Amino acid sequence: MTHRLPATPRLGLGGVALLLALTGPALPASASPADAARTTVEEQRLDRAAPQEILRRSGFDALAPRFERALKGSDGYAQAERTVTRHSSALWRRAVDRAQGRGPATGDLSRGDDRPLYWARLALSRELRAWTPRFALADEQRRALHTALETSSRGQDDIRFPGHGVKRVLVTGFDPFTLDRDTRIGNPSGASALALDGTLVRTADGPARIQTVVFPVRWADFAEGTVERVLARQLPHLDLFTTVSQGRQGRFDVERTNGAWRGAFPDNENAASTGTVPVADPGSQPQWTTTTLPYRQLTEAETGRFPVYDNTEVTEIPAGGTQPVTRPDGPTPGSAARAGGGGDYLSNEIAYRATLLRDRLGLPKLPGGHLHTPVLQFGAENTNPQTGTVTDPDFERNRRDIVSQVRELVKTAVGETG
């Protein structure tokens, strides 16, 4: 994402203490109570024509009304919490099952489409925000319900790996973004997450189980530690991880270097953020982190239709300098980051956070890094956001090909872990 257009074993007490230091409090900071009652920028886009058509043509338009009725029947916080968790978890499972061909298709929209999950989550979120309970509900409890909805509907509470003998792989994707430019947009990284979640791949070194999660395109969530909270308990038990986002047209990129800098490109809430990536313990924060994915093998393997590049470019302010300089071969000693290989948006930031966490947890040999997919494009005759259709044959083929190649790249990478 550039703006260049059985349960996992528990950690010991020492590990828990370290994770708390790295990830911060269990619940993210939130808006004021007055803001909690107001629809968000993302939720306000729901009433546009394309989101409504996507929901209707996938059958996901029925989920918010069911959720609203269930919420109204709650007679206390505990029941409301169960309702939120049940419906949001079911949304994630339904989207995964639909993408993987299980159960009814529910509508004529392609099964592999990631957009119904995104818009249905927002529809549930809007119902929760508008809900007036029949009992006293503290502001902190309402925030906790929204947090539960977010985590459960993104697969973040659904990470389950088998026991010994099967490699463990975690893949992350993103929501659609730049939706004010075109509300029809999907994100192939999110579609890949749905297609891969819970799947088993065979490698020359044995089977590997893939689990996936999806992250929001919001600066604030990242500043509040959402990436670290999800990944911290998983990384010590993995054989490989890769964060995935949509990047450049017509190519995959394995991003070699990630930078500790945020650019000002607006997120899905139309909020901008500029400056050093905010993390715990900033005094020990490096300017750069590096992939440990097997980038040479990924660029050389025959994995699909699109070329795969080992991207080593960064933008830095050299030591002693004042102006940004683009370097094709990575950063120079003592420089300050202004863009990683993946730019200065949230794709660079998730890669930076995940690989920094890998290093802070003392896992230098754990293969992990970031993969940029090609841009998911509509057909040449369907590029106008106002007059275009929500899908077309080229759009469907492009998504299928990207998702298939993500699968092959992950399979190739885990096969190199030995």
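Keep in mind the model is a prediction, meaning the values are calculated, not measured.

### What to know about the overall build of the protein chain
Then, in step 1: A tally of helices and strands in the protein chain yields 14 helices and 14 strands.
Then, in step 2: In terms of overall dimensions, the protein chain is globule-like: its C-alpha atoms have a radius of gyration of 21 Å, near the 22 Å expected for 418 residues.
Then, in step 3: Seen along its three principal axes, the alpha-carbon backbone of the protein chain occupies a region of about 60 × 50 × 50 Å.
Then, in step 4: In the protein chain, which comprises 418 residues, the proportion classed as buried is 54%.
Then, in step 5: Total accessible area on the protein chain stands at roughly 17100 Å², and carbon and sulfur atoms take up 51% of it.

### Focus: the pattern of salt bridges
Then, in step 1: Enumeration over the complete set of coordinates arrives at 32 salt bridges.
Then, in step 2: Across the pair D180 and R45 runs a salt bridge, and its minimum N-O distance is 2.8 Å. Taken together, the residues span a long stretch of sequence, with D180 in the loop between β1 (167–174) and α9 (188–196) and R45 in the loop between α3 (41–44) and α4 (49–58) at a distance of 135 residues.
Then, in step 3: The class for D180 is partly exposed, based on a relative accessible area of 39%.
Then, in step 4: We classify R45 as buried; its relative accessible area is 2%.
Then, in step 5: Close ionic contact of R248 with D253 constitutes a salt bridge, the shortest N to O distance being 3.1 Å. The residues R248 and D253 share a single accessibility class, namely buried.
Then, in step 6: Connected via shared salt-bridge partners are E42, R121, E150, R154, D175, R218 and D221.

### Comments concerning the packing of aromatic side chains
In this description, a pair of aromatic rings is defined by centroid distance and the angle of the planes.
Then, in step 1: Inspection of the entire model under this criterion finds nine aromatic pairs.
Then, in step 2: Consider the rings of F215 and F222, whose centres lie 6.3 Å apart with planes at 65°: the pair is edge-to-face. Across the pair, F222 and F215 agree in class, each one buried.
Then, in step 3: Note on F252 and F306: the rings are 6.2 Å apart at their centroids and 65° apart in plane angle, and the pair reads as edge-to-face. With F252 in strand β5 (residues 252–255) and F306 in the loop between α12 (295–300) and β10 (308–311), this residue pair connects regions lying 54 residues apart in the sequence.
Then, in step 4: For F252, a relative accessible area of 0% gives the class buried.
Then, in step 5: Taken together, F177, W219, F265 and Y345 form an aromatic cluster joined through their ring pairs.

### Digging into the sheet that holds strand β11 (residues 314–317)
Then, in step 1: One open sheet holds the three strands; their spatial order is β12-β11-β13, and the pairing between them is antiparallel. Single-partner strands in this sheet number two, and they are β12 (325–327) and β13 (336–339). In this sheet, adjacent strand axes meet at a mean angle of 40° when their direction is disregarded.
Then, in step 2: In the sheet, β11 pairs with β12 via three bridges, with the strands oriented antiparallel. In the sheet register, E316 faces β12, and the bridge partner there is V325.

### Some remarks on the nonpolar core
Then, in step 1: Core analysis: the largest hydrophobic core is formed by 36 residues, its most contacted members being V84, W119, L128 and W131.
Then, in step 2: Elements with a minimum of two residues in this core: α4, α5 (63–72), α6 (77–99), α7 (115–130), α8 (139–152) and α9.
Then, in step 3: Look past the residues within four positions of L128 in its chain and what remains in contact with it is F67, L71, V84, R142, L145, H146 and L149.

### Remarks on α7
The periodicity of an α-helix, 3.6 residues per turn, causes residues three or four positions apart to be oriented the same way.
Then, in step 1: In a regular helix each residue adds 1.5 Å, so 16 residues correspond to 22 Å; α7 covers 23 Å between its end C-alpha atoms and thus fits that length.
Then, in step 2: Counted residue by residue, α7 has 13 buried out of 16 residues, so it is predominantly covered.

### Describing the confidence of the model for the protein chain
Then, in step 1: Residues at a pLDDT of 70 or more form 91% of the protein chain, whose mean pLDDT is 92.
Then, in step 2: This stretch, residues 3–21, has a pLDDT under 50; its non-local contacts, to residues over four places away or in other chains, come to 38 contacts.

### Quick look at the side chain of T373
Then, in step 1: Following the sequence through the fold, T373 ends up in strand β14 (residues 368–373).
Then, in step 2: Ignoring sequence-local partners within four residues, the contact set of T373 consists of P188, V244, S245, Q246, G247, R248, R251, F252, I402 and V406.

### Description of the sheet that holds β5
Then, in step 1: Taken together, the seven strands give an open sheet; going across it, the order is β2-β3-β1-β4-β14-β5-β10, and neighbouring strands pair in mixed fashion. If you trace the sheet from one side to the other, it starts and ends with β2 (200–203) and β10, each paired once. For this sheet the average axis-to-axis angle between neighbouring strands, irrespective of direction, equals 25°.
Then, in step 2: By the bridge criterion, four bridges tie β2 to strand β3 (residues 206–215) in an arrangement that is antiparallel. Directly across from L200, in β3, lies its bridge partner R209.

Here is what the cut-offs are and how they apply
Residues numbered from 1 in each chain as written. Predicted model: local features only at pLDDT ≥ 70, side-chain atom pairs only at ≥ 80, totals over all residues. Heavy atoms only, no water. Helix = DSSP H or I, 4+ residues; strand = E, 2+ residues; numbered from the N terminus. Rg over C-alpha atoms; globule rule 2.2 N^0.38 Å. Buried < 20%, exposed > 50% of the residue type's maximum accessible area, 1.4 Å probe, protein only. Areas by Shrake-Rupley, 256 points an atom, 1.4 Å probe, with all protein chains shown as cover. Salt bridge = Lys/Arg side-chain N within 4 Å of Asp/Glu carboxyl O. Phe/Tyr/Trp six-rings, centres within 6.5 Å; stacked < 30°, edge-to-face > 60°. Pairing = 2+ DSSP bridges. Axes fitted to C-alpha atoms, helices over the stretch in contact; angles between N-to-C directions. Core = buried A, V, L, I, M, F, W, Y, C linked by side-chain atoms within 4.5 Å. Contact = heavy atoms within 4.5 Å. Expected span 1.5 Å × (residues − 1). pLDDT = per-residue confidence, 0-100.

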